[in-house]
Number of protein chains: 2
Amino acid sequence: MTVATSVQPQPLSSNELRTIHAYWRAANYLSVGQIYLLDNPLLQEPLKLEHIKPRLLGHWGTTPGLNFIYAHFNRIIKAQDLSVLYIAGPGHGGPGMVANTYLEGTYSELYPNISQDADGIQKLFKQFSFPGGIPSHAAPETPGSIHEGGELGYALVHAYGAAFDNPDLIVACVVGDGEAETGPLATSWHSNKFLNPARDGAVIPILHLNGYKIANPTVLARIPQHELESLFVGYGYKPYFVEGSDPETMHQLMASTLDTIIAEIKSIQREARVHGYQQRSPFPMIILRSPKGWTGPKVVDGKQMEGSWRSHQVPLAEMASHPEHVQLLETWMKSYKPEELFDDQGRLMPELAALAPAGDRRMGANPHANGGVLLRDLKLPDFRRYAVAVENPGTEMAESTRILGEFLRDVMQSNADSRNFRMMSPDENNSNRLGAVLEVTDRVSTAEILLTDDHIDPSGRVMEVLSEHMCQGWLEGYLLTGRHGFFSCYEAFIHIVDSMFNQHAKWLESCMDIPWRRPIASLNYLLTSHVWRQDHNGFSHQDPGFIDVVTNKKAKVVRVYLPPDANTLLSVADHCLRSRQYVNVIVAGKQPELQWLNMDAAVKHCTAGLGIWEWASNDHGGEPDVVMACAGDVPTLETLAAVDFLRSQFHDLKIRVVNVVDLMTLQPPSEHPHGISDSDFDSIFTSDKPIIFAFHGYPWLIHRLLYRRTNHNNLHVRGYKEEGTTTTPFDMVVLNDLDRFHLAQDVIDRVPKLSKIGAYVKQNIRDKLIEHQHYITTYGKDMPEVENWTWQAYRGAAKIDAASARSIDSSSDNPSQEGAEGTAHSRA
Amino acid sequence: MTVATSVQPQPLSSNELRTIHAYWRAANYLSVGQIYLLDNPLLQEPLKLEHIKPRLLGHWGTTPGLNFIYAHFNRIIKAQDLSVLYIAGPGHGGPGMVANTYLEGTYSELYPNISQDADGIQKLFKQFSFPGGIPSHAAPETPGSIHEGGELGYALVHAYGAAFDNPDLIVACVVGDGEAETGPLATSWHSNKFLNPARDGAVIPILHLNGYKIANPTVLARIPQHELESLFVGYGYKPYFVEGSDPETMHQLMASTLDTIIAEIKSIQREARVHGYQQRSPFPMIILRSPKGWTGPKVVDGKQMEGSWRSHQVPLAEMASHPEHVQLLETWMKSYKPEELFDDQGRLMPELAALAPAGDRRMGANPHANGGVLLRDLKLPDFRRYAVAVENPGTEMAESTRILGEFLRDVMQSNADSRNFRMMSPDENNSNRLGAVLEVTDRVSTAEILLTDDHIDPSGRVMEVLSEHMCQGWLEGYLLTGRHGFFSCYEAFIHIVDSMFNQHAKWLESCMDIPWRRPIASLNYLLTSHVWRQDHNGFSHQDPGFIDVVTNKKAKVVRVYLPPDANTLLSVADHCLRSRQYVNVIVAGKQPELQWLNMDAAVKHCTAGLGIWEWASNDHGGEPDVVMACAGDVPTLETLAAVDFLRSQFHDLKIRVVNVVDLMTLQPPSEHPHGISDSDFDSIFTSDKPIIFAFHGYPWLIHRLLYRRTNHNNLHVRGYKEEGTTTTPFDMVVLNDLDRFHLAQDVIDRVPKLSKIGAYVKQNIRDKLIEHQHYITTYGKDMPEVENWTWQAYRGAAKIDAASARSIDSSSDNPSQEGAEGTAHSRA
């Protein structure tokens, strides 16, 4: 089986060959210079130790390959007026990205201090991986980059995410052969079954087989050629091999290969765009086999350097103790003949500068790489239209996420023409009850579709694949190029992408300090099928710890919401879809559950972020004996059932119920912009009364958020403690002592006036729990008095009106402040 | 290209065909019964609603396929006396695993209450996914399982981990076509380049293409056959297709295929074992294409059920409102003809019972699936032999992990004959300075090896691949089958396996309540290349949050150690290698750093877990003005430098220095078995003096661990706050306010007697920081006074002797208590 062919063997004229090679040399020269030099940037005087950085930090090995690819894409962009986004999977080849964007002029436009002359080159060199300078990776600071590449594995999903709904875009995606060993990358190749050439752009994967990682050979470089080829044919590609080390041969081969595959891509696209998408054609890809550290020193200290793992970082080090290394470095850098590349003033020779594309066609200036520039607001229907009617709190049931699904359906519909909204889920869209969206679109697949399939179509805008990594990566790529999205996931398994979240949050954090980076749409998670309702699946599906990971990141980019019912969920979701530059985490259940707030009250409550539920409290006008706080839908239910029980037992007990939707309001305002002031906090939580806090997640998170608050010493938190397996909904909370009875017991134990009179009630509680245990192991379901409990007792007193959710003012952008007014969201 | 062949088309006699089919029907019958029935287990009376569970929880879709495979492995095990471990990737096919281990008798041996009669079957049915019963997945409770399969993606890495160093074992690994879409699974296929048939067992991957996930078709079921075949040829396998739905045809095809591939595996193994390993031969694998929900209802409510995503969970539901579903269920179950399978008493017919293998050959009884049974202690050299000589604290430098590497080298050597120890790393073994181990072994590869490679050999015991998922999964499989291992990883990127850690910890948690599960060796992580020393790589490589994830899990299975120097690292590592049933996380730097404790003091310090460093303190015999606590190597350095600075400035200031190695000692003993008592805590940390705590990780973790301690309100923690990028080592701590100067400032601000006299010193500090900033941006390295700082000033007073690390007693198994005595570790 020989798929690999290259049609036109010598497409470059001798002059083109000479200049493209010179351009590559210039990029290599500037790359080496960044890694090594403090001064003497053009080597106009003999290189001395004092010209060299005292600490050598950077990665050479992958860089010449990245530069080679960049130069050839420049050529074809210019020849065919293409829009190309360049993704460098081996992001630690940062010097190459910086060198190329400098050569093409974008770097100096964004950073005028790094001018296109000798002075600028000296600064360019010095700043690299230097205190006060720039990172060594293809970072947010790097023009044209949407991909850091420090944590490996996500180049290809980012590339596909960028290509979706960008029909005119080509994403050149370099995948290192080290990165190719990661799980996320290994599955990303299958993204081609989700790309529709009629409406999406193209991805050109370039597997860069330079054979070595830090210290080991790579797997893909050491399998027989027929296996390598089969693998990519199996993944659904048409692989083209570009192999060798002789520059002249390689330039011709790369140029002819690019000519061929661009033509193939255009043909596939034309076919689909003219006749409609019929069936998946294998897209071309490139396998570039070239030496690691190509053009670098061949041998150092008697050991092979070029073509070996030894050239991964700095091929020459310990300059002070090895003066011959200084000489070798000079020889190496002069091998690029800088005098032919730059004039005396350090300006790139005009005939070379002319090789780069112009304006936005430069890969460093492609607007898709600074997605905020292209970002347009979503058209959002008024979320209040989807409100569940709640006449009396706690009496009617609804599936909150199903209601949300109706809102999202109309978001999808409203933006169908803009083609800027997608929903991602690892095979859980319907399981998470967001199925309504399939009334207006389908799940996308460009693989074979059968009659038995349900709502699968090449034009679908719901993306489902059983890989959280792909969902996350596609969405990141989609957002970073200026679009919107929504990711629903089982709560426990979002941990699979903890590390991707970390990297995305760090990207957002860094961008906030880079003026030319425009804000992008927030990454919105809906975590459902949550810890408290894993009746089917048990212990392995129970982990509410993602929000612990999230709250470790900088406050300015993370938001966590725990809406207790459908109307609050709608309000929060609307807010998140309007927001920019955040990671929003919404945790909400999908099962039928009692509804608490009508829409007016929900909007007020969400805008405040937390508040007293006056209709559930009986301390009006006085001080409470106890504050019962709750965050999350199941803890809210249990708290209100505990209040019900307690009030039926102790008529003098004054209880204040506080519900928290926006978890970040709990922190001091010095720690998070949503944090409420200490005086507001004290007035709500009191400064000396016991607080019984029922929390959706691991209990320590609440302590961590609250340890600076006045009344922290009276705080008692109940949450998930890794107890639970096959059980019933109520038993799940009992196993974790988060149930109404344990909460009631906490109150009895902590309110002084109950200490003497509480004994009978505690015995009653004990008996209830034994009765419960017996009932569920006999009948397999919860006792009717638990299952059918509603907020009945206080129905008369519980009419909600506009004033009933007592709000506190917050100067920050709490959810739905803007949403409530129907205005656009302003960043905070 | 046609690789797929099956040699002998009709290997089963008509009687064999009849009985194997009956055995499969029995397993299917018992599987359906578990999902549905409360009573009437043999359907000896007409099925009524009250016989059916009120809540139907479980997954039917994948189960018949799992049962089919199990039955055929039974046959070949018996025919050829094989040792086979069965891994069910689709772990939610739990009913099938339970059914099969019940049929073969292992279930009743371990759970005598579930007897092999009608009464036992009734209990078997009722307990499934029922309160007080068993989980719906292939859980720790399931005999023969090392794999839960709730979180998908790890079946194949677990299988390979089990096969390594088990030459006589065959691991039958069912990979669901849903799971196959995950990243970890997609890269796991490449594990075959790390398996050496001369010393390792075999893995038979069975890709179960039943075409659907919860709601979507699967990717691999919808690509053309030639791509599917190419993909697995590309992965290095020889795929055999078993496709169809007619049972008779499928039984013959599966039997002939298994006959063929077992012969092929034996041939590959024989070749490698007789002549030595020469080159990688493609191992056979099976692609089983059969209908989802095979043999279940074909149509329900007018919709296709068998062969559709609709049969993923319960094909028939809502029994109360759909009486016809009760009838359908009865028809379905009776289609298996239970009366031919079980006698009146519910005993499996003897001719069917005779089909299962006997004793340990039963897959449910294979001892490798209960690895603790096979586990033998490691032979450990005396770690004290590797001690760094520390005559005076804080004056000499060492690379702690390099010292550890020497110890691990000899651990590797000492256990070479036992073949029960491997080290895993994602291409970072040498980068993490554990290179000494390559003096006695190599890095394993069974792919092509070139002369330029460094220490790569098919016999190597260091496993390096650029996939944290594979390292983790291999190690889990290796440990779960009764061996030992050590995983070193860059700290930031261990988050990639957060979710795998979660699942493994849950497995360990569950096992502790299952008496027949024997303890396995702990999973030992060394996290290095840590947050404070990412000079090369910057922001993306900075995340110390894995320990936050770890401390969310049950205290009885997690341990976190932060040894500040080489000798404490040795002591901790020795302890971890002796321990059982834990996840041990060790965080330690690889860079040259000052050494603090000689070995005697290190052993005492680690045994206590935390303690006062008397030689660094000057409050002897009295009360301190301030407690300066530290955990982690860099925070320890900064704290001692701050102490040095403060003592030079304030001669009357009484400072107590406390170092924490075992993070879990900080918690109350009620929360963690390592937690020290409140009285011990108060005597060390005082009950009212300011505590300035310099911490390696995110600062909130310390608050979370300490919020119940008396003196918490005086606690001020400094740690990592997501600040840092390209910088110098010292500047990194300055950016996070964790440096000696900020720590000193904290002391001045918090010790009342310094409030008036501290102004000049604070100004001095401010000037130092400005000077520092100017220096690093000019020279790119730290000021000499910082870089060259040592603990000089107190050299005279700082002689360490055996009494110098004032220990506190701890009744729990703190590190090296046993190690220090050289005795075996007893579980706690």
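This one's a predicted model, so the numbers in the text were calculated from it and none came from an experiment.

In this section: the packing of helix α1 (residues 14-36) of chain B against helix α5 (residues 118-127) of chain B. Residues and elements named next belong to chain B. Direction vectors running N to C along α1 and α5 enclose 55 degrees, while the axes themselves pass 6 Å from each other. In this view, α1 runs oblique relative to α5, as classed from their interaxial angle. Where α1 crosses over α5, the handedness of that crossing is right-handed. Counting all contacts with α1, which are made through Tyr-29, Leu-30, Gly-33 and Gln-34, the residues of α5 involved are Ile-121, Leu-124 and Phe-125.

What follows covers the domain arrangement of chain A. Residues and elements named next belong to chain A. Structurally, chain A comprises domain 1 (14-357), domain 2 (383-593) and domain 3 (611-795). For domain 2 and domain 3, the distance between their C-alpha centroids amounts to 28 Å. Each partner contributes residues to the interface: domain 2 has 33 residues there, and domain 3 has 38 residues. A combined buried area of about 3,000 Å² lies between domain 2 and domain 3, and 63% of that area is made up of carbon and sulfur atoms.

If you rotate chain A by 180 degrees and push it 0.0 Å along the axis, it lands on chain B with an RMSD of 0.0 Å. The symmetry that links the two subunits is that of a two-fold axis. Taking C-alpha positions as reference, the residue of chain A nearest the rotation axis is A:Gly183, located at 1.9 Å. Most of the interface of chain A is mirrored in chain B, where 100% of its interface residues are also at the interface.

Here the focus is the side chain of A:Asn40. All names here are of chain A. Position of Asn-40 relative to the elements: it lies in the loop between α1 (14-36) and α2 (63-80). Looking at Asn-40, its side chain comes within polar contact range of the main-chain nitrogen of Gln-44, at 3.1 Å. The contact partners of Asn-40, leaving out residues within four places of it in the chain, are Glu-45, Pro-46, Leu-47 and His-51.

So, on to the sheet that holds strand β3 (residues 202-209) of chain A. Residues and elements named next belong to chain A. Within the open sheet, the five strands sit side by side as β1-β2-β3-β5-β4. Their pairing is parallel. Edge strands, defined here as strands with exactly one partner in the open sheet, are β1 (83-88) and β4 (237-243). Across the sheet, the axes of successive neighbouring strands diverge by a mean angle of 20 degrees, strand direction being ignored. Examined bridge by bridge, β4 and strand β5 (residues 283-289) share seven bridges and lie parallel to one another. Across the sheet, residue Pro-239 finds its bridge partner in β5, namely Met-285. Sitting on the sheet, helix α6 (residues 155-163) is in contact with β1, β2 (169-176), β3 and β4, with an inclination near 175 degrees to β2. Against the sheet, helix α9 (residues 247-275) touches β2, β3, β4 and β5, its axis set at about 165 degrees to β4.

Residues and elements named next belong to chain A. The predicted model of chain A averages 93 in pLDDT, with 95% of residues at 70 or higher. Under a pLDDT of 50 for its full length, residues 1-7 has, in the predicted model, 17 contacts with residues more than four places off or in other chains. Across the predicted assembly, pTM comes out at 0.95 and ipTM at 0.95.

All names here are of chain B. Packing of α1 against helix α2 (residues 63-80) leaves a shortest axis separation of 9 Å and a crossing angle of 140 degrees. Overall, the two elements α1 and α2 adopt an arrangement that is oblique. At the point where α1 passes α2, the crossing takes the right-handed sense. Here Ile-20, Tyr-23, Trp-24, Ala-27, Asn-28 and Ser-31 of α1 lie close against α2, whose contacting residues are Thr-63, Pro-64, Asn-67, Phe-68, Ala-71, His-72, Asn-74 and Arg-75. Of the residues that constitute the contact of α1 with α2, the class distribution is seven nonpolar, six polar and one charged.

This part covers the interface of chain A and chain B. Contact residues are listed per partner, giving 121 residues for chain A and 121 residues for chain B. Of all residues in chain A, A:Arg222, A:His536 and A:Trp700 bury the most surface against chain B, accounting for 8% of the area lost on that side. Linking chain A with chain B are 14 salt bridges, by the criterion used here. Here chain A is connected to chain B by 61 residue pairs in polar contact (both at pLDDT 80 or more). Residue assignment for the side of chain A that touches chain B shows that the elements contributing at least two residues are α7 (183-188), α8 (225-234), α14 (468-480), α15 (498-511), α16 (546-551), α21 (700-706) and α24 (759-779) of chain A. Looking at the side of chain A that touches chain B, the element that brings in the most residues is α15(A), giving seven residues. Taken together, the residues of the side of chain A that touches chain B sort by class into 45 nonpolar, 44 polar and 32 charged.

Criteria and cut-off values
Residues numbered from 1 in each chain as written. Chains lettered and ligands numbered in written order. Predicted model: local features only at pLDDT ≥ 70, side-chain atom pairs only at ≥ 80, totals over all residues. Heavy atoms only, no water. Axes fitted to C-alpha atoms, helices over the stretch in contact; angles between N-to-C directions. Helix = DSSP H or I, 4+ residues; strand = E, 2+ residues; numbered from the N terminus. Parallel < 35°, antiparallel > 145°, perpendicular 65-115°, else oblique. Left-handed = near helix turned anticlockwise from the far one by under 90°. Contact = heavy atoms within 4.5 Å. Domains from an automatic or database assignment. Buried area = accessible area lost by both parts, 1.4 Å probe. Least-squares fit on C-alpha atoms with pLDDT ≥ 70 in both. Polar contact = N/O pair within 3.5 Å; in protein donor to acceptor, adjacent residues only side chain to side chain. Pairing = 2+ DSSP bridges. pLDDT = per-residue confidence, 0-100. Nonpolar A, V, L, I, M, F, W, Y, C, P; charged D, E, K, R; others polar. Salt bridge = Lys/Arg side-chain N within 4 Å of Asp/Glu carboxyl O.

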